[in-house]
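Here is what each chain is made of, one letter per residue.
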Amino acid sequence: MSQQQLQQIIQMLKAQPIAGHPTVQETRANFEQMAALFPVAADVKCEPVNAGGIKAEWVTAPGADAGRAVLYLHGGGYVIGSINTHRDLGARISRAAKARVLLIDYRLAPEHPFPAAVEDSVTAYRWMLAQGFKASRIAIAGDSAGGGLTVAALVAIRDAKLASPGAGVCLSPWTDLEGLGDSMKSKASVDPMVNKEALAEMAAHYLAGQNPRSPLAAPLYADLAGLPPLLIHVGTAETLLDDSTRLAERARKAGVKVTLEPWENMIHVFQVFAPMLDEGQEAIEKIGEFVRANAA
């Protein structure tokens with residue numbers, strides 16, 4: 001690991017200006033601005049599509065198998081984030097997984113609270129099936145809130161009696177909207193990105209007064225039986241570490257095949273920093289291997 005690379009990223013994150021209490025719109029704009037630092041490689045094809053009424057984009061790297069696809073659900077606490085903020089990550093996953101990646105702009109809170117994001121994710125999955133993709137050759141993946149949304153979507157797909165995707169990939173998933181994990185406190189001093197106060201605010205936007213333990217909002221409380229194999233990546237320097245370890249434990253108890261990979265000293269969704277962090281790209285290569293093996 002390049003400790004220097006990691007420290008540069010942490011310093012960059014800490015240098016982000018936080019004047020007063022930014023509005024949702026300001027936070028969204030800041031995220032878009034930061035993502036612009038990581039442009040997509042020139043050989044990647046990006047094609048906007050309407051996925052059953054959901055704004056979406058096919059991101060395809062050279063060598064992608066036209067019959068294998070990843071439905072990617074971006075992070076951002078269900079409040080911020082977009083196709084734009086995750087296009088480079090999607091492109092890198094496409095290259096590693098040799099698959100087309102469908103990025104979607106699911107509806108965001110507070111304008112569209114729970115369960116809008118879950119509904120849109122399932123709608124996009126239905127659209128993929130209607131395009132002729134075999135369910136077994138689709139993986140659903142996401143980071144942070146998108147990682148929790150990945151599990152929620154898999155549960156909703158199962159409950160709707162749709163054909164199951166071949167795999168699920170969760171990067172630093174947010175699965176407990178109350179922040180009850182021990183790591184929320186024990187890792188607070190080393191996590192430069194995620195703190196309990198900010199999470200509580202985003203959870204309030206998303207829930208809009210609904211039960212914080214609703215299984216499709218906080219999939220830590222969902223019945224996970226019958227889900228496809230899951231890959232869970234998390235950094236050991238994350239307040240959300242226990243969201244991953246508890247999810248893995250519950251999934252295993254439900255009979256799900258789980259691969260939990262804690263990455264030493266890594267921060268929240270470190271894969272996003274692949275352009276400047278060796279471990280970010282290494283993790284993406286592992287995601288690619290998992291998708292190729294399970295969404296074959």
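Per-chain numbering applies: the sequence of each chain, read as written, is numbered from 1 onward. Reporting in this predicted model follows two pLDDT cut-offs: at least 70 for local features of residues, and 80 or more for side-chain atom pairs to be given and counted; totals over whole chains, interfaces and linings ignore these cut-offs and use all residues. As a rule here, side-chain values come from all non-hydrogen atoms in the structure, and water together with hydrogens is ignored.

Looking at an unreviewed UniProt entry, one finds the protein chain named Alpha/beta hydrolase fold-3 domain-containing protein and attributed to uncultured organism.

A. Layout of the packing of helix α4 (residues 116-130) against helix α5 (residues 145-159). Between α4 and α5, the shortest axis-to-axis distance is 9 Å and the interhelical angle comes to 65 degrees. Considering how the two elements wind past one another, α4 and α5 form a crossing that is right-handed. Counted together, Ala117, Val118, Ser121, Val122 and Tyr125 of α4 and Leu149, Ala152, Ala153, Ala156 and Ile157 of α5 form the full contact between these two elements. The residue inventory of the contact of α4 with α5, partitioned by class, reads nine nonpolar, one polar and no charged. Each axis is a line fitted through C-alpha atoms, taken for helices only over the stretch in contact, and angles between the N-to-C directions span 0 to 180 degrees. Helix and strand definitions here come from DSSP, where helices need a minimum of 4 consecutive H or I residues and strands a minimum of 2 consecutive E residues; each element is numbered from the N-terminal end. Should the near helix be turned anticlockwise from the far one by less than a right angle, the crossing is termed left-handed; should it be turned clockwise, right-handed. Note on contacts: a residue pair qualifies if any of its non-hydrogen atoms lie within 4.5 Å across the two residues. When residues are sorted by character, Ala, Val, Leu, Ile, Met, Phe, Trp, Tyr, Cys and Pro go into the nonpolar class, Asp, Glu, Lys and Arg into the charged class, and all the rest, Gly among them, into the polar class.

B. The pattern of salt bridges, seen in detail. Salt bridges are identified by distance alone: a Lys or Arg side-chain nitrogen within 4 Å of an Asp or Glu carboxyl oxygen. A complete count under the given rule lists 14 salt bridges for this structure. Its salt-bridge partner being Asp43, residue Arg95 comes within 2.8 Å of it at the nearest N-O pair. Note that Arg95 is positioned in helix α3 (residues 87-97) and Asp43 in the loop between α2 (24-35) and β1 (45-51), a separation of 52 residues in sequence. Put simply, Asp120 and Arg107 hold a salt bridge, and the shortest N to O gap is 2.9 Å. Of this pair, Asp120 sits in helix α4 while Arg107 sits in the loop between β4 (99-104) and α4, placing them 13 residues apart in sequence. Categorising residues by exposure relies on relative accessible area from a 1.4 Å probe, with only protein chains included: less than 20% of the type maximum marks a residue as buried, more than 50% marks it as exposed, and the intermediate range marks it as partly exposed. The partly exposed category is assigned to Arg107, whose relative accessible area is 33%.

C. Representation of the nonpolar core within the structure. Joining through side-chain atoms within 4.5 Å is the link that ties buried Ala, Val, Leu, Ile, Met, Phe, Trp, Tyr and Cys residues into a set, and such a set is a nonpolar core. Leu71, Leu102, Ile104, Met128, Trp174 and Tyr206 are the most contacted members of the largest nonpolar core, which totals 61 residues. Sequence-distant contacts of Met128, defined by excluding residues within four places in its chain, comprise Trp58, Ala69, Val70, Leu71, Leu102, Phe133 and Ile138. Core analysis: the second largest hydrophobic core is formed by 28 residues, Tyr72, Val101, Ala139 and Val291 among them.

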